[in-house]
Amino acid sequence: REQCPNPPVRIQPQTAEKAGIRSGDLLIIETPTGSCKAVAELTEGLQPDVIQTMPGWEGEENVNNLIPWNEFAPGIGTVSMHSTMCRVNKYDAG
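Attention in this report is confined to the structure presented alongside it. Just so you know, these numbers come straight off a predicted model, no measurement behind them.

### A word on the pairing of strand β1 (residues 8-11)
When β1 meets strand β3 (residues 35-42), the two strands line up parallel, connected through 4 bridges. Residue pairing in the sheet places Ile11 in a bridge with Leu42 of β3. Across 3 bridges, the pairing between β1 and strand β4 (residues 51-53) is antiparallel. Paired with Val9 across the bridge in β4 is Thr53.

Here it is as structure tokens:
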């Protein structure tokens, strides 16, 4: 946590701008399986329709909440940690 105190979600700047998202905004990432919170980090290094986050947080910030645990990756037999369709919005605590 010293190097990365908040759970980041990396998003392409033009995509973020279209959604009204700024660097540092608290976001909610949602899939049919669940949701998690993360902090927006803008980067040019992604395709416009891709986000990137990382595991390692607990509770509402746990990216594992997004993963469909009933589907397994062909050939390796583990759950898919990528290619999961999601929705990303600013978090509204209200």
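The discussion continues.
### Concerning the nonpolar core
Residues Val9, Ile11, Ala16, Ile21, Leu27, Ile29, Cys36, Ala38, Ala40, Val63, Leu66 and Val88 constitute the largest nonpolar core, which totals 12 residues. Of all elements in the fold, only β1, β2 (26-30) and β3 reach the threshold of two or more residues within this core. What Ala16 contacts, discounting residues up to four positions off in sequence, is Ile11, Ile21 and Leu42.

### Describing the pattern of salt bridges
Taken as a whole and judged by the stated rule, the model has 4 salt bridges. Asp25 is the partner of Lys90 in a salt bridge, and the nearest nitrogen-oxygen pair spans 3.7 Å. Separated by 65 residues along the polypeptide, Lys90 in strand β5 (residues 87-90) and Asp25 in the loop between α1 (13-18) and β2 bring together distant segments of the chain. Since its relative accessible area comes to 45%, Lys90 is described here as partly exposed. Residue class for Asp25 comes out buried when judged on its relative accessible area of 18%.

### Some words on the state of the cysteines
For the coordinates displayed, the defined rule picks out 0 disulfides. No disulfide involves Cys36; its sulfur sits 8.7 Å from that of Cys86, the nearest cysteine. By relative accessible area, Cys36 is classed as buried at 1%. The exposure class of Cys86 is partly exposed, given its relative accessible area of 34%.

### Quick notes on the sheet that holds β2
Across the sheet, 5 strands lie side by side as β4-β1-β3-β2-β5; this open sheet has mixed pairing. A strand with exactly one partner marks an edge of an open sheet, and here the two such strands are β4 and β5. Neighbour-to-neighbour, the strand axes of the sheet open up by a mean angle of 40 degrees, direction not taken into account. Relative to β5, β2 runs antiparallel, the two sharing 4 bridges. By the bridge assignment for β5, Glu30 is matched with Arg87.

Rules behind the numbers
Residues numbered from 1 in each chain as written. Predicted model: local features only at pLDDT ≥ 70, side-chain atom pairs only at ≥ 80, totals over all residues. Heavy atoms only, no water. Pairing = 2+ DSSP bridges. Helix = DSSP H or I, 4+ residues; strand = E, 2+ residues; numbered from the N terminus. Core = buried A, V, L, I, M, F, W, Y, C linked by side-chain atoms within 4.5 Å. Buried < 20%, exposed > 50% of the residue type's maximum accessible area, 1.4 Å probe, protein only. Contact = heavy atoms within 4.5 Å. Salt bridge = Lys/Arg side-chain N within 4 Å of Asp/Glu carboxyl O. Disulfide = S-S within 2.5 Å. Axes fitted to C-alpha atoms, helices over the stretch in contact; angles between N-to-C directions.

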